[in-house]
Structures are given as structure tokens and as C-alpha cells.
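Residue-level listing of the chains:
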Amino acid sequence: MNRFLRQVVWLIYRRRREADLQAELAFHLSAEAEDRQADGLSQEEARFRARRDLGNVTLVQEDTRATWGWVALEHLMHDLRYGLRGLRKNPAFTGTAVLSLALGIGANTAIFSLIDALTLRWLPVRDPQALVQIRIAEDKQESFSYAIVRALAEQEDIFEGVAGFSGWAANVGTPGSTDRVPGALVTGGFYRTLGLNPAAGRLLADEDDRTGAPPVAVISYGYWERQFGRNPQAIGKAVRVNGAPVTIVGVSPPGFVGANVGSVADITMPVAALPAVSPEAAGLLGPGNFWLRVLARPRAGVSKAQARAQAAAVWPQIADRVTPAGWPGFLKEGLAKARFELVPGGTGWTRLRAVFRKPLFVLMGVVALVLVIAGANVANLLLARATVRQREIAVRLAIGGGRGRIIRQLLTESALLGACGAALGLVLAWGTGRLLLDVLSSGPQRVTFDMAPNWHVLAFTSAVAMVTALGFGLAPAFRSAAIGPSGMLKEHSGISRSRSLSSLVVVQVALSVVLVIGAGLFARTLDNLENVDPGFRREGVLLVDLEGRRTAFPRELLDELQQVPGIFQASVSTHTPLSGAVWSEPAVPRGQAVPERDNAYFIGAGPRFFDVVGMRLLAGRGFNDRDTIGSPPVAVVNEAYALRYFNGANPVGHYLSAKVRGHATDLEILGVVKNADLAGLRKAAPPAVYVPYYQLLGNNFPTTLAVRVSGSLSKAAAAVHDCLQPRLPNVPIEVRPLSAQVEATLVQERLLALLAAMFGGLALVLAIIGLYGLLAYGVARQSREIGLRMALGAQRRGVIAMVLRRAVGLVLLGTALGLPAALVASRWVKSMLFGLSPADPATMLQAAFLLIAAALAAAYVPARRAAAVDPMTALRHE
Amino acid sequence: MQSGASSRLELLQGTLDLLILRTLLPGPAHGHAIAKHIQRTSEEALKVETGSLYPALHRLEARGWVAASWEHSEKGKRARYYRLTAAGRKQLASEQSKWEKFARAMGLVLRPPHEESV
């Protein structure tokens, strides 16, 4: 250790040591000279002999310096300084190389940030690696009932804590405003299991999660800042949640926004308090509703495997207690036999992962290709620069510089480029990240991630930058050092870089072809989906969700709504197409046995509903004002249902047996309506049964108004809002178009189409730059030949044609290579396409044309320069 | 690079270190004096090249076996004097014993006791 310290000290006092060494050698010289003088030589003779005896002073100094131990580091510092100077002196080269790298690295970093935030990042809680998520192994079921979570929480010898949670939203009224606030419902052990400490006040505990406990809430740090200005008085204050008074007891720590990744929970309440603020949802606490996700922390010393085994052992007793009495036998059995699996839960839970995993991995492949193209550009640039520096390298080799040293120095320059590219890339990535978030948020769920670069991302970026820079800098470095000095010092010699440059450009073009075709496929998929006929009217319909409504919407209000100018027709229903919420029940023709799992979609539809949303009646009639409680129970089915249960025969007049909201009823079929894509634009239409809204029993069903508009949507929306808000003061009236609801289901496709287009475009630009560089170099190198040709009578047109031919030839070669690759690649993403096959000829033709246009664009300037060659100047000695 | 009579022997790096350490045993000396001492004491058989001496001295200093400081020479000029450290003393003892074992082994093979000398 002392030795190391000594070397560090020496490094710091490097200059002093070098001066000392010089003085030491000077003393040696003079002492030697004196000795020889004493032997009888003259002073001059003595000095001369002493000098000769010493030998090469510089060599001695170097050898001595070598023992100081820092040679490698000194070389590195020297290389860096030299490299920086070289880069500064060639701004065009440096700029292009750094920009290419930045674009490639930035794209990769952006996608990786997203993947990291979505799947890799830990929750900001205590010891997230120890957390597990509990799931049922058979069908990967992640939702559990309140009763099950409480029962699991009682198993204290297995789990230190069990946390059940679910996303939620509520109308929170503080003095001054009522907003719809995103939040979460949690069980008592939530904060304890995660191991969080409050930023103010206290967090929810088991006592709060009991029936009869006063309703309390915890707010997020961000909400505390925004809404209360971090005022400590907010603790203990009462706010109105859905109209009911709730006390704020504390603030969760900054940085924690819930266990639902991608969502923010600004207000968190215990599950037991739900009936107090949403009486219609009180049923969720029952044993038949599976809606809570579960994270748990095994007791210290209990491994995951042990916890699972112990849970499996106690489960049969628990299952007995928590199984709902009204369940059919097969469901009870299934629950009793369920096996748990404990998967790592430290990264939280989110539905986003399932939706976006595949597109993100496709995008990862795309940006990797972009990086290769960018790197090829950098390799080209480095080769070009090596050509320019041939003489310098030759001289260095000739005077004794080792090849290894030169290679190291060239690699240091590549590394410098990589570092600059990475720094710029990080900035670009941050900007792209925000764009990505905006696209993701256009889906049904608002998406919030903290996209600030964290150390995962920084490490990834640095690794990518280094690998790229070194990988693409290696070949040119070796090539430069391989050619001996004599080869380089000759007049017109040079590294024959044409062949390798051409092949690099061909590869770039091939990769661009793949990406451009991919972008085309995704863009057309999105287009197809946006124009497909979903079986209902997409445009011109407004929806108003009435959350928190407890009884059926009054008919008089519907009639009043229809009188509003701009409104053509208004109706009401429990569910709207593609809203994300589904109600399903078993429904079979009367007389048939009720199947165990085969449910139909159910929608409670008001009078004129089918007209408003544009679903065509194929037989019979829709609902009218006379279909209400008291009149005979009726239903309308869709084509798919008629096909499934009546084999295509007309079911009008037949009867259905179904359980509508728990009441077993026989319904007379009034009509058949055309299929609507209720399960998604890409899925087949499911069998659906429509029942009259005003025949629904009970008083806690969701309600959405549907309004058909004639004229301007925004004006109509304002008019609807003005009509309804005074009648429903405690309810925020939000009017939105049905088209937006449908669009929201296309977020995956939109993401892919946008990003594939962006990155495909980027790849194309990079390939054009590469092609341009190659052509420009060719023209410069061949200017003598061109001059000769023109002097011998070639037309300018011919010269231009020569350049264009070369460009188009390279592009065609690249396209020929790229097309088969594109076919293979598009087969992988086949499942994501809609309405077209992976080998779609129109897309491929478009791509080919685009690339030829690119070739011509790249060739434009070099062609003009070739045509501008003055034969006299070119023929003279360069 | 050899110069002079053929009786000059080549010095390996390890042996040079040993010679320097031994030279410094009586007391500190500067580089020139060390070289002269080795030359004289070996009866001109070992001449230390300056090109090897100074790297060796600095290497020994890097290893902590000698320590250096600037002093005034007998003639009054400033010179860099090297002296043995405690670790250096130990190293000297161990290297010397290794060398003696080596020399004895060489001697046994080159002049085996029961054979006639050639």
C-alpha cells in the first residue's frame, strides 16, 4: 500500500521529479568529468568522454521514468489531449460523427428508459427486493377479494405484512374546488408492509381498515404541495370525498405515488371506508369480488419457497372461510385447489406491462438497428479521417512508435467521440422520453413515470456508447496501422477504402429498408384500425359518465337534453362500446342448461340507444319508452348471439333465461342488432344481450349518457354541460366524444406507428448521409479521371448520369438485401398487424420508391460537383 | 552495450539491485559514488552502465528499499543521496543468502568434488 501511495505522490509532483532527475544526471556527468580530469585529461576531453559514457541521456531519463509506474496513465492523458485537439480542428467530421452517435444512442436510451421505468425499477420502499406479489398459479390471476387479503394478513408466521391495493378515483372537494382525483384503496397493512414513513402526520394502519372506523385518508406528497402548499394545517382537516366527510391524517413520503406503476395515487383510503364514500360500491367488500392486487413481505428468515409452501398448507382452511356462499360448485372447488405463486413484487404492479411489453421490445430491436446504421456512419467517417492522416501515421511508425501505441491512440479518439455522442444522446433521450409519455398517455389510462435518467439508464448509455465507439473504431484503427510506413509515404497510394465503404453503405441501406417497411406496415395497421367499421357510429356522439350516480337517470332530463340545440337524440346506458368496463352474465335460450363459463356481454340500454350509437337493427325493434319496470322483461340480442345460440335462425319472439344483476329472469327477444366490436377493434364481436336500462332493478349501476350531435361537437358539449351541471351539482360533468374512447384503445398501435416512422425516418437520413459521403469521396478521388473524360468529349450529363447510376446501383443492391430481411422480420410482428399481410406489396413498393428517392437526394450534390469539374484544373497535378 | 575489456561481465537486473543494496550498507551515497564503488571493489570486473544504474536506483526507491534525499557532496555540490531503509536491509539479507546458496549450487555442479578438474 505504501508503494501505491508513493506512486500517487510521485504522480502529483511529476514535474518536480523530472527536474530532480535532470539535476541528478547532470551531477553524475560533472562528477564523472572531474574524475577523468583527475586522471589527466583536459577539461573538454573529460566532459566529452563523460557524455559519451553516459550514453543517450533521453533514453536514460525515459527508462528511469518508466520505473515510476505511471507510464500507461501518462500515455492515456497524452492521447486524450491529442485526440481532443484533433477533433476540435475538424468540426465537420466531429459534428457529423457525434450527431450520428447521439441519434443512435439517444434512441436506444429513450426506449430503455421506458422499459426500465415499466419493468425494472424498484418501488421507492424499504427493501423492495424482499417484496413478493401473490398470484394464483393456474391462470396467473392477480386479483383477490377483500376477505382473502384479510385472511392472508392474519398469517403472521408466514408474512410480516400483506398489502392489498387497487387503483381508484374520487371526487375530492376542498373548500374552493371539486376535482376528480386519482387515488388508491388499500388494506390496513399497506404502508406497514411497504415500510414507509410519513412525511407529515401518520399513515394508514390496521385500525383504519375496520368497519365502523372513521373514514380517513392519506394524501401524496405531490398533492400536499399542489393543493395545500405543504401547509401542516392540512393534517386533520376534513375534505369531502364523493360528498362524504373524510379526515386527512397524513402525507406519504415524496417520491412514493402508489404501488400501481405508471399511475399516481394522490388520495389513499382504507378499503373498509369505501361504503362511506361510495355506497353503491359497498358490494366490493364482499367475498365474491376479486379486485385487489396483493404484495406481501415474507417474515425475516422465511424464503420465498418456504412462504409458498406454508401458504399452500394453510390455504384450504382459509378458502373455506372466504368462498362466497352463492358460488357454483366448480368455482368453489377451483378456489380451494388454487395454488399460489410468489413472484418478485418490488417493481410494483401495472396493467401497462401487459399492454406495452411487446411493442417496447419491437422498438428495442428497431433502435438497435438505428444504432448500427449510425455506427456504420461513424466507421465511415473514421476511415475517411484515417486516409487523411496516413502521412502522419506513417511518420510515427517510421520513427519508432509502436503499432500498439498508435492503435491505442486511435481507439482513444473513438472513445472520445463515443463519450460526446453519449452525452448528447442523453439529452435527446430525455426529450424523446417526454414524447413517448405523451403517446402512452393518450390511452385509456393516464401514464406518469419519472423519466429522469437514473443510474440504470446512465450505465446502459455508457455501455452502448463504448461498445459502439470501440466496435466501429476498431476496424479503421487496425487498417491504418496495418499498412506499413513505406506504403503510406508514396505519392498516390492510399488505403483502398472504396470497397469497405461501399459495403458499409449497402448494409446501411439494407437495414433502412427493413425499418422503412416496418414503419409502413405499422402505419397502415393504424390507418386500417382507425377506419374500420366497428358496428357503431364513431363520429358525432358524445358521452357523459355519471360516476357516483345512485339511481336511474331521470327520464325528464333525457327529454330536456334532447331539446338542447345541437343535440339530435339522447339516450342512456350502463356501458358504452370499448369503455373498458364489461358486464357479463350467462344467458341462454329458455330451456337450455346454463353453461358454466360461457357468458354474454350485457348492456343496459335506454330508449333509442341503438339509433344514437348507430347500431343497425336487423330484425324486430329496439327499446322505447314503454319498456320499463312493470312491463314484460325484454331483450335485444346481436348477430353473434343469434348465431351462437339459435344457429342463425331468427330468435325474435323466443325467450332467454338470464340472471340480470342477480335476478333470474326470462326475457323475450324483441330484436336482433348488428354486431359491434365490444371486445376490441381487433377481436371478433362477442355475443351480446341488451336489456332495457329502465327495467334494471336495484340502484347502483353505472350510467353513461350517449348523445348524438348534429353540428359542432364542442358547441354541443358545452351546451350539454350547461344543461346538466345545474341539475347535478355534486357531480363533475365531463363530456367526451365516443371517437376519443375508441381511439384510446389504439394506443399500442399509435405508439408503434409513430415511433417506427420516426426511427425509420432517422435510419433513412443516416443512410443518406452515409451514401452522400461515399459518393462525395468517390467524386473527389476520381476528379482527375472525370476531367480526363470531359476533356475527351464526355458531356456533363454523362458525368452526372455516372454518379446517379452508382448511387442507384448501391441502393438497389441494398434493397435486394434488405427485402428478404424485412420479410423475415415482419413475420415476427405479424400478430401486431391488422388488415394487411406481412408481405404487403404496396408497402414494399412504397419503401423501394422512397429509397430510390433517397438515393437521388444523396447523389444530388456530388453529381453537381462532378459536373462542375473543370477539366483543365483537374488534369493539372494536384 | 559493452565497452572495454572482455573480462567485463554482464549484469542482470536482480544482481544489480543486490550490489547497490550492499554498497549502501555502510552508509548513504550518491549514484556516481555507488557506480565507482562497485567498479573498484570488483577489481574493474563489473562496470555499471549509467543507463542501468539510475533506473535501478529509482526502482529500488519505488519499492521502498532505499530512500533518497538531496544533500551536499564532499565537494560542496548538491547531489541526490540514497540510503538503505529497514525494509531494504531485510531485502539485502534475504537476497544475499539466496545468492550465496545459488553460487554454492553452481560451484557444486561446475566443480564436483570427486571429479578431476578439466
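Residues numbered from 1 in each chain as written. Chains lettered and ligands numbered in written order. Predicted model: local features only at pLDDT ≥ 70, side-chain atom pairs only at ≥ 80, totals over all residues. Heavy atoms only, no water.

**Here's the deal with a nonpolar patch on the surface**
Link 1 in the chain: Residues Leu73(A), Leu76(A), Met77(A) and Leu80(A) make up a contiguous nonpolar surface patch of about 300 Å² in total accessible area.
Link 2 in the chain: When you line up the elements, Leu80(A) lands in helix α5 (residues 71-89). (Patch = residues over 30% accessible without salt bridge, like charges linked within 9 Å, V, L, I, M, F, W, Y side chains within 5 Å. Areas by Shrake-Rupley, 256 points an atom, 1.4 Å probe, with all protein chains shown as cover. Salt bridge = Lys/Arg side-chain N within 4 Å of Asp/Glu carboxyl O. Helix = DSSP H or I, 4+ residues; strand = E, 2+ residues; numbered from the N terminus.)

**A short note on helix α2 (residues 14-39) of chain A**
Residues and elements named next belong to chain A.
Link 1 in the chain: The terminal C-alpha atoms of α2 lie 38 Å apart, and with 26 residues this matches the ideal 38 Å at 1.5 Å per residue to within 8%.
Link 2 in the chain: Taken as a whole, α2 has its buried residues at Arg 17, Leu 21, Glu 24, Leu 25, Phe 27, His 28, Leu 29, Ser 30, Ala 31, Glu 32, Ala 33 and Arg 36.
Link 3 in the chain: Gly 40 sits one or two positions beyond α2 and adopts a positive phi of about 120°. (Expected span 1.5 Å × (residues − 1). Buried < 20%, exposed > 50% of the residue type's maximum accessible area, 1.4 Å probe, protein only.)

**Some words on the nonpolar core**
All names here are of chain A.
Link 1 in the chain: Within the largest apolar cluster, 122 residues are counted, with the highest numbers of intra-cluster contacts made by Ile 111, Phe 449, Phe 522, Met 615, Tyr 690 and Phe 759.
Link 2 in the chain: A total of 16 residues in this core trace back to one element, the largest contributor, which is helix α24 (residues 747-781).
Link 3 in the chain: By size, the runner-up hydrophobic cluster in this structure holds 55 residues, among which are Phe 144, Tyr 221, Val 239 and Met 269. (Core = buried A, V, L, I, M, F, W, Y, C linked by side-chain atoms within 4.5 Å.)

**Overview of a positive patch on the surface**
Residues and elements named next belong to chain A.
Link 1 in the chain: Together, Arg 15, Arg 81, Arg 85, Arg 88 and Lys 89 make up a positively charged patch on the protein surface.
Link 2 in the chain: Ranked by the residues each element gives to the positive patch, the list is headed by α5, at four residues.
Link 3 in the chain: Within the fold, Arg 88 resides in helix α5. (Lys, Arg positive; Asp, Glu negative; His and termini not counted. Charge placed at Lys NZ, Arg CZ, Asp CG, Glu CD.)

**Topic: the pattern of salt bridges**
Link 1 in the chain: Throughout the structure, instances matching the rule amount to 30 salt bridges over all chains.
Link 2 in the chain: One salt bridge in this structure joins Glu24(A) and Arg80(B), with 3.8 Å as the shortest N-O distance. Within this pair, whereas Glu24(A) is found in helix α2, its partner Arg80(B) is found in strand β3 (residues 78-84), the two belonging to separate chains.
Link 3 in the chain: According to the relative accessible area criterion, Glu24(A) is buried, its value standing at 3%.
Link 4 in the chain: One salt bridge in this structure joins Glu95(B) and Lys98(B), with 3.3 Å as the shortest N-O distance. With Glu95(B) and Lys98(B) both in helix α4 (residues 86-110), this residue pair falls three residues apart, about one helical turn.
Link 5 in the chain: Put simply, Arg17(A), Glu24(A), Glu61(B) and Arg80(B) are held in one network by salt bridges that share partners.

**Description of the packing of aromatic side chains**
Aromatic ring pairs are described here by two measures, namely the spacing of the ring centres and the angle between the planes.
Residue and element names in this part refer to chain A.
Link 1 in the chain: Inspection of the entire model under this criterion finds 16 aromatic pairs over all chains.
Link 2 in the chain: Ring centres of Phe 609 and Phe 610 lie 5.9 Å apart, and the angle between their planes is 70°; on these two criteria the pair is classed as edge-to-face.
Link 3 in the chain: The class of Phe 609 is buried, set by a relative accessible area of 0%.
Link 4 in the chain: Owing to a relative accessible area of 4%, Phe 610 belongs among the buried residues under this scheme.
Link 5 in the chain: Three or more aromatic residues joined by ring pairs make a cluster, and in this case those are Phe 165, Phe 190, Tyr 191 and Phe 256.
Link 6 in the chain: In this structure, Arg 555 packs its charged tip against the face of Tyr 694, placed 4.0 Å from the ring centre.
Link 7 in the chain: Above the plane of the ring of Tyr 655 lies Arg 590, whose end atom (NZ or CZ) is 4.3 Å from the centre. (Phe/Tyr/Trp six-rings, centres within 6.5 Å; stacked < 30°, edge-to-face > 60°. Lys NZ or Arg CZ within 6 Å of the ring centre and 35° of its normal.)

**Some remarks on the side chain of Gln508(A)**
Residues and elements named next belong to chain A.
Link 1 in the chain: Position of Gln 508 among the secondary structure elements: in helix α18 (residues 498-531).
Link 2 in the chain: With a relative accessible area of 0%, Gln 508 lands in the buried category.
Link 3 in the chain: Once residues lying within four places of it in the same chain are set aside, the contact partners of Gln 508 are Ile 373, Ala 376, Asn 377, Asn 380, Leu 766, Ala 767 and Gly 770. (Contact = heavy atoms within 4.5 Å.)

**Details of unusual backbone geometry**
Link 1 in the chain: Positive phi, normally seen in glycine, also occurs at Arg230(A), with a value near 55°.
Link 2 in the chain: Residues other than glycine seldom take positive phi values, yet Glu43(B) does so here, at roughly 60°.
Link 3 in the chain: Along the chain, Glu43(B) turns up in the loop between α2 (31-41) and α3 (50-63).

**Some points on the sheet that holds strand β2 (residues 66-72) of chain B**
Link 1 in the chain: Here we have three strands laid out as an open sheet, ordered β1-β3-β2 (chain B), and antiparallel in their pairing. The strands lining the two open edges of the sheet, one partner per strand, are β1 (29-30) and β2 of chain B.
Link 2 in the chain: Inspection of the sheet shows β2(B) paired to β3(B) by seven bridges, in the antiparallel sense. From the neighbouring strand, Trp70(B) faces β3(B), where its bridge partner is Arg80(B).
Link 3 in the chain: On top of the sheet, α2(A) reaches β1, β2 and β3 of chain B; it is set at about 100° to β3(B), its chief contact. (Pairing = 2+ DSSP bridges. Axes fitted to C-alpha atoms, helices over the stretch in contact; angles between N-to-C directions.)

**Brief notes about the environment of Thr96(A)**
Residues and elements named next belong to chain A.
Link 1 in the chain: When you line up the elements, Thr 96 lands in helix α6 (residues 91-120).
Link 2 in the chain: Taking C-alpha positions, Thr 96 is 8.1 Å from Val 378, a pair spaced 282 residues apart along the chain.
Link 3 in the chain: When near neighbours in sequence (up to four residues on either side) are disregarded, Thr 96 contacts Leu 381 and Ile 769.

**Topic: the interface of chain B and chain A**
Link 1 in the chain: Counting from both sides, the interface comprises 24 residues of chain B and, opposite them, 23 residues of chain A.
Link 2 in the chain: Buried surface at the junction of chain B and chain A, both sides included, amounts to about 2100 Å², of which 54% is carbon and sulfur.
Link 3 in the chain: The interface formed by chain B and chain A includes four salt bridges.
Link 4 in the chain: Between chain B and chain A we count eight residue pairs in polar contact (both at pLDDT 80 or more) in total. (Buried area = accessible area lost by both parts, 1.4 Å probe. Polar contact = N/O pair within 3.5 Å; in protein donor to acceptor, adjacent residues only side chain to side chain.)

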